[in-house]
Amino acid sequence: MNANNWSERKALAGAVLEIDVRNHAGVMSHVVGLFSRRAYNLEGILVMPVGAGEQSRVWLKVIEDARLTQMIKQVEKLEDVLAVRRHGADHAVFERIEEFFRAA
Amino acid sequence: MSPSQPPASSTPQPETLSGAQIVVRLLERQGITTVAGIPGGAILPFYDALSESRSIHHVLARHEQGAGFMAQGMARATGRPAVCLASSGPGATNLLTAIADAKLDSIPLVAITGQVPQAMIGTDAFQEVDTYGLTIPITKHNFLVSSAEELLRVIPRAFTIAASGRPGPVLVDIPKDVQNQRIEVHEWPTPGAAEAPPAFDSAAIDAAAAMIRAAERPILYLGGGVVHSGAARQAVDLAEKAALPTVMTLMALGAMPVDHPLSLGMLGMHGARCTNFALDECDLLIAVGARFDDRATGKVAAFCPGARIIHIDIDPSELDKIKTAHVGIAGDVSAVLQALLPRVHAMPRTAWLARVARLKADHPLQTPGIDDVRSHYGLIAATAAALDDEATVATDVGQHQMWVAQAYPLRRPRQWLTSGGLGTMGFGVPAAIGAALAEPQRTVVCFTGDGSILMNIQELVTAAEEGVNLKIVLMNNASLGLVYQQQSMFYGKRTFASKFQAVPDFIRLAEACGIRAVDLDATQAPGAALTAALRTPGPCLIHASIDRDQKVYPMVPPGAANKEMIGG
């Protein structure tokens, strides 16, 4: 990643991943660890239970680089990941909460 | 999975059992007959329950890493998931290297660790470590069990995950209170078994067959997945039918007999010149259960530069990871090859086979001294001559490993047990013990070096205790040979920290551990002494000094293209 600050990174092509997972205490470590151990930064993370709480949905905002296809394949291999869907960077899920992330 | 496994069954009367007893019963139902481990506080309830099992033999390792590699040896020799055990804290951390090694070589392993009671997790309790967190990146999957009830689901699932698709290690961390929790068991789950492999794309098979038909200079490139999938027969059939010169990765050795006319042996960093030259000329590379590891490919951009690529692997994330495939097929390689065979036309491919024969004649593997038992190649050849193809061959990691990979006539899948991906010194002796425990009818020979053997030397005591039919061939050059070689070749001969100033008396060391030892240095007839030692049942260490300045040749310098080999 050559872009160093947030405004530079924001200008790069992005993607939003929507990941359905089994809801338990370790699942976020499994998902996030795949990225951190490859020094692939996650720009945004949202997660909430869905339905009765057996499952959760994880939303990840990432910057697209050559590794993203491989990252998605790795996420799909996780035992507790049920589905992965890829969206464009303009997906509404992160835009609606931007107001909570304004610098003071 | 063994055919004797019981199906799911409801018990006539519910039994009240502890979590520990449930795990033991599930392992028994799984068909597990040998486990390796070391007890400690947090796993004592489990050990107490295990003491009552009549069908499971516990092998007491002398270090948890040894237990992990013994389980690996069992799994590599049989292809079935094997079990290792450790307590919490240092017991678990000592297992990590063996687990990571299993991950990189896709070995089905189920590691069961004790954990401090749930109420104490997160308090820095005695011998508490975050085993779950530590093992996330080195397992295929892991579990932290929170109730005895959960064990009925988790234990069979652990075996299913370890054995399904691309195999790998699974860790189950069980807090002590869960081991002690008593519940009523009304029904036993079906033992975990490998899930049916996913369906593959039939159109891609046709495309692959057409590419093989159209190719003028194809090469078949076999990886460890061929062994894991039990596809060696199909791979050889394909090679023979379509006249495909065949290379193997370190992990695939034995898949095609090395003296098969189509075999080019091992490719890559220490492959023969003819092998790497043939790859450089090929116009089609058919990769089967191989992952384009950097030790196999050298500089990737220069690997098979003129070739189109067919890549078959059960793990979809391997396709296009290093090299983009023209046809990628995600599927079980055994099933895919089976489907491919009838669609491939028999063809003589005379010109290409003649060219490969020319390369073999002009640039064969050089094995100087192969007739002299006191040389490294000669020791390997004499060992092979004293044994047959039923013997299992394990190695440690270093120069001896590469010499054995080059020169031992491997002819059988699962004959060859070596630490490929992680390259773990210390792998050899405990893995060989595990193989000998799993298949006591075979002779298991472990080639090792004086650097490697010291990294798990304590398991000599375990070998003596178990009386395994293990012959350790120790090639002693009083150095970390591969480090010494790299420093000699690429670091201006500054051979720093690679020569041992003090070397133990390995003969007395083996004897002190309860193992017979033979010193080939001290005999006038080393060949006869070697043969006699190999043919006498039970554990034995065979010691031979070798020349420190011998190198593994050819060698592709790190980062260079495979055709830029030095030596050989």
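The structure displayed is predicted, hence computed values, not measured ones. (Residues numbered from 1 in each chain as written. Chains lettered and ligands numbered in written order. Predicted model: local features only at pLDDT ≥ 70, side-chain atom pairs only at ≥ 80, totals over all residues. Heavy atoms only, no water.)

Residues and elements named next belong to chain B. Inspection of the secondary structure puts Gln399 in helix α16 (residues 399-407). We classify Gln399 as buried; its relative accessible area is 4%. Separated by 3.2 Å, the side chains of Gln399 and Asn477 make a polar contact. Non-local contacts of Gln399, meaning those with residues more than four positions away in its chain, are made with Asn477, Gly481, Leu482, Gln485, Gln550, Lys551 and Val552. (Helix = DSSP H or I, 4+ residues; strand = E, 2+ residues; numbered from the N terminus. Buried < 20%, exposed > 50% of the residue type's maximum accessible area, 1.4 Å probe, protein only. Polar contact = N/O pair within 3.5 Å; in protein donor to acceptor, adjacent residues only side chain to side chain. Contact = heavy atoms within 4.5 Å.)

Quantified by volume, the second largest pocket comes out at close to 1200 Å³. Along its surface, the second largest pocket is lined by 43 residues, and Lys77(A), Lys140(B), Arg166(B), Asp315(B) and Ser317(B) are the ones closest to its centre. At the level of elements, α2 (27-36) and α3 (68-77) of chain A together with α4 (90-104) and α6 (148-163) of chain B are the ones that each hand at least two residues to the lining of the second largest pocket. With five residues, the top contributor of residues to the lining of the second largest pocket is α3(A). (1 Å grid on protein atoms, 1.4 Å probe; cavity = no way out; pocket = protein on both sides within 12 Å on 5 of 7 lines; lining within 4 Å. Points joined across faces, edges and corners; volume = space filled by probe spheres on them.)

The strands making up a sheet associate through hydrogen bonds between their backbones, and the pairing can be parallel or antiparallel. Residues and elements named next belong to chain B. With respect to topology, six strands assemble into an open sheet ordered β16-β15-β17-β18-β20-β19, the strand pairing being parallel. The sheet is open, and its two edges are formed by β16 (416-417) and β19 (516-519), each paired on a single side. Against the sheet, helix α17 (residues 428-438) engages β15 (392-395), β16, β17 (444-449) and β18 (470-476), with an angle of about 175° to β17. Sheet contacts for helix α22 (residues 526-535): β17, β18, β19 and β20 (540-545); angle to β20, the most-contacted strand, approximately 160°. (Pairing = 2+ DSSP bridges. Axes fitted to C-alpha atoms, helices over the stretch in contact; angles between N-to-C directions.)

Now for the pattern of salt bridges. Counted according to the given criterion, the structure contains 30 salt bridges over all chains. Put simply, Arg355(B) and Glu281(B) hold a salt bridge, and the shortest N to O gap is 2.6 Å. On the criterion of sequence distance, the pair formed by Arg355(B) in helix α14 (residues 350-362) and Glu281(B) in helix α11 (residues 273-281) is long-range, its members being 74 residues apart. For Glu281(B), a relative accessible area of 25% corresponds to the partly exposed category. When the shortest N-O distance is used, the salt bridge between Arg358(B) and Asp362(B) registers 2.9 Å. Remark: Asp362(B) and Arg358(B) occur in helix α14; sequence separation between them is four residues, near one turn of the helix. Residue class for Arg358(B) comes out partly exposed when judged on its relative accessible area of 46%. Each member of the salt-bridge network shares a partner with another, and the members are Lys77(A), Arg166(B), Asp315(B), Glu318(B) and Lys321(B). (Salt bridge = Lys/Arg side-chain N within 4 Å of Asp/Glu carboxyl O.)

So, on to the interface of chain A and chain B. Contacts between the two partners involve 11 residues from chain A, matched on the other side by 14 residues from chain B. Taking both sides of the interface into account, the surface hidden between chain A and chain B amounts to around 970 Å²; carbon and sulfur atoms contribute 50%. Among the residues chain A hides against chain B, the three largest losses belong to His30(A), Lys73(A) and Glu79(A). Together they make up 52% of the total. There are two salt bridges connecting chain A and chain B. The closest approach of N and O atoms between Asp315(B) and Lys77(A), which form a salt bridge, is 2.6 Å. On the surface where chain A and chain B come into contact, there are nine residue pairs in polar contact (both at pLDDT 80 or more). By residue number, the principal contributor to the side of chain A that touches chain B is α3(A), which donates four residues. Among the residues making up the side of chain A that touches chain B, the classes are represented as no nonpolar, six polar and five charged. (Buried area = accessible area lost by both parts, 1.4 Å probe. Nonpolar A, V, L, I, M, F, W, Y, C, P; charged D, E, K, R; others polar.)

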